[in-house]
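A look at the structure
Now for the letters of each chain:
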Amino acid sequence: MTILRQPTRAGVRDAAEKIARILPATPLFTHEIKGVVVSFKAESLQPVGAFKIRGAWHRLTALDDATRARGVVAFSSGNHAQGIAWAAKRLGIAATIVMPSDAPRTKRDATLALGAEVVAYDRATESREAIAARLAEARGATLVPSFDDPWIIEGQGSAGIEAAAQMAALGLGTPARIVIPCGGGGLSAGVALAVKDARITVVEPEGWDDMRRSLEASWIEPVGDNPPPTACDSLQTLRVSPLTFDVLSRRDATGVAVSETEIAAAQRWAAETLRLVVEPGGAVGLAAVLAGKVPLEPGLLVILSGGNVDRAAYAKVMAG
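As the structure is a prediction and not an experimental result, all values here were calculated from the model. Here the residue numbering is sequential within each chain, running from 1 through the sequence in written order. The model is predicted, so local features are restricted to residues of pLDDT at least 70 and side-chain atom pairs to those at 80 or more, both for listing and for counting; the totals for chains, interfaces and linings are taken over all residues. No hydrogens and no water enter the side-chain calculation; it runs on all heavy atoms of the structure.

**Observations concerning the packing of helix α11 (residues 260–274) against helix α13 (residues 311–319)**
How we decide: Whenever a helix is involved, its axis is fitted only over the stretch in contact; in every case the axis is a line through C-alpha atoms, and angles between N-to-C directions fall within 0 to 180 degrees. The secondary structure listing takes helices from DSSP runs of H or I that are at least 4 residues long and strands from runs of E that are at least 2 residues long, numbered from the N terminus. Orientation is classified from the angle alone, with under 35 degrees giving roughly parallel, over 145 giving roughly antiparallel, 65 to 115 giving roughly perpendicular, and any other angle giving oblique. The contact definition used throughout considers only heavy atoms, calling two residues in contact when any of these lie within 4.5 Å.
Packing of α11 against α13 leaves a shortest axis separation of 9 Å and a crossing angle of 85°. Taken together, the axes of α11 and α13 are roughly perpendicular relative to one another. Together, Ala264, Gln267, Arg268 and Ala271 of α11 and Tyr314, Val317 and Met318 of α13 make up the contact between the two elements.

The structure is reproduced here in structure tokens:
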């Protein structure tokens, strides 16, 4: 299905109102780092362990009854999968998720437990987009991308609406800079629409920092050949979309990349300081702050986007 409309700030507000009716706001934590109070939006504490539940709910509730009856198809390494599965189950919609065969078992099992069908693919040799598109066409189902969709972008942006309200309630003013994990850019584009006066910094793992390079080049740059291994399964997007890139480019967003060592250090810091379990992809924004790659300044907001960890891998990280 070709989607012609663009994501808007009004759409983000609508999404925030929808989500507020079914889910409590995720907590906002604060901690002083080198004399600066930093705010942390704990999307890791969503019912599915990540912010993806927001976009999924906004997108699926926009479908009419006839479209819902034909089901939905999505592709994801796990967080979008769980968001779609959760929303689909609540709305009585059949959901099929195309997931990489090497996706964390905890994410795959959680998606299945929510009643979705899972179709595995080889991340190295197959295209998840092509597989999902074929399934959707064959079944007459609606394809729900993980970021290249205006409803998804607007839904994710509701996290920014919530966080800004929470900061104001705590007397912290409005967000001056928001640091956001970035795969395809759905969350960062949505938050950029939601909080129009904040500076936006997207963060990606080294070697997967195509949004950073795209923003610097002023055109979309894909991930290069043979990207390095990364623990950030949720951020392994080979190419960002025009929808997300355009929003972030118009907002003069900037990007930074962080190393695997810096990401693991951020996971440990989150556990020890905030008492939060944060997955590698969800910790990249924090990693950039702790590594000094983002300036410490009043009004700094960091989004901790997910907490769905592989238990064995997380234990190794905690052991140092």
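**Here's the deal with the packing of aromatic side chains**
The cut-off we apply is this: Pairs were defined over the aromatic rings of Phe, Tyr and Trp, the Trp ring being its six-membered one, requiring ring centres within 6.5 Å. Orientation was assigned from the angle between planes: stacked under 30 degrees, edge-to-face over 60, tilted for the rest. For a ring to carry a charge above it, either NZ of a lysine or CZ of an arginine must fall within 6 Å of the ring centroid while also lying within 35 degrees of the normal to the ring plane.
Counted by the stated rule, this structure contains 2 aromatic pairs. A ring pair is formed by Phe40 and Trp269, whose centres lie 5.6 Å apart and whose planes are at 45°; its orientation type is tilted. Note that Phe40 is positioned in strand β2 (residues 36–42) and Trp269 in helix α11, a separation of 229 residues in sequence. For Arg5, the ring lying beneath its charged end belongs to Trp151, and the centroid distance is 4.1 Å.

**Focus on the environment of Arg177**
What counts here: Categorising residues by exposure relies on relative accessible area from a 1.4 Å probe, with only protein chains included: less than 20% of the type maximum marks a residue as buried, more than 50% marks it as exposed, and the intermediate range marks it as partly exposed.
Inspection of the secondary structure assignment puts Arg177 in strand β7 (residues 177–181). We classify Arg177 as buried; its relative accessible area is 13%. Along the backbone, Arg177 and Pro295 are 118 residues apart, and their C-alpha atoms lie at a distance of 9.2 Å. Apart from the residues lying within four places of it in its own chain, the contact partners of Arg177 are Arg199, Thr201, Thr254, Val294, Pro295, Glu297, Gly299, Leu300 and Leu301.

**Quick look at the sheet that holds β2**
Backbone-to-backbone hydrogen bonds pair the strands of a sheet. The strands run either parallel or antiparallel. Defined as follows: Between any two strands, at least two bridges found by DSSP are needed for them to pair.
With respect to topology, 6 strands assemble into an open sheet ordered β1-β2-β10-β7-β8-β9, the strand pairing being mixed. Two strands bound the open sheet, and with one partner strand each, they are β1 (28–33) and β9 (254–258). Taken pair by pair, the neighbouring strands of this sheet meet at an average axis angle of 25°, ignoring direction. Here β2 runs beside strand β10 (residues 300–304); their pairing, made up of 5 bridges, is parallel. In the sheet register, Phe40 faces β10, and the bridge partner there is Val302. Along the sheet, helix α9 (residues 210–217) makes contact with β8 (199–205) and β9, crossing β8 at roughly 135°.

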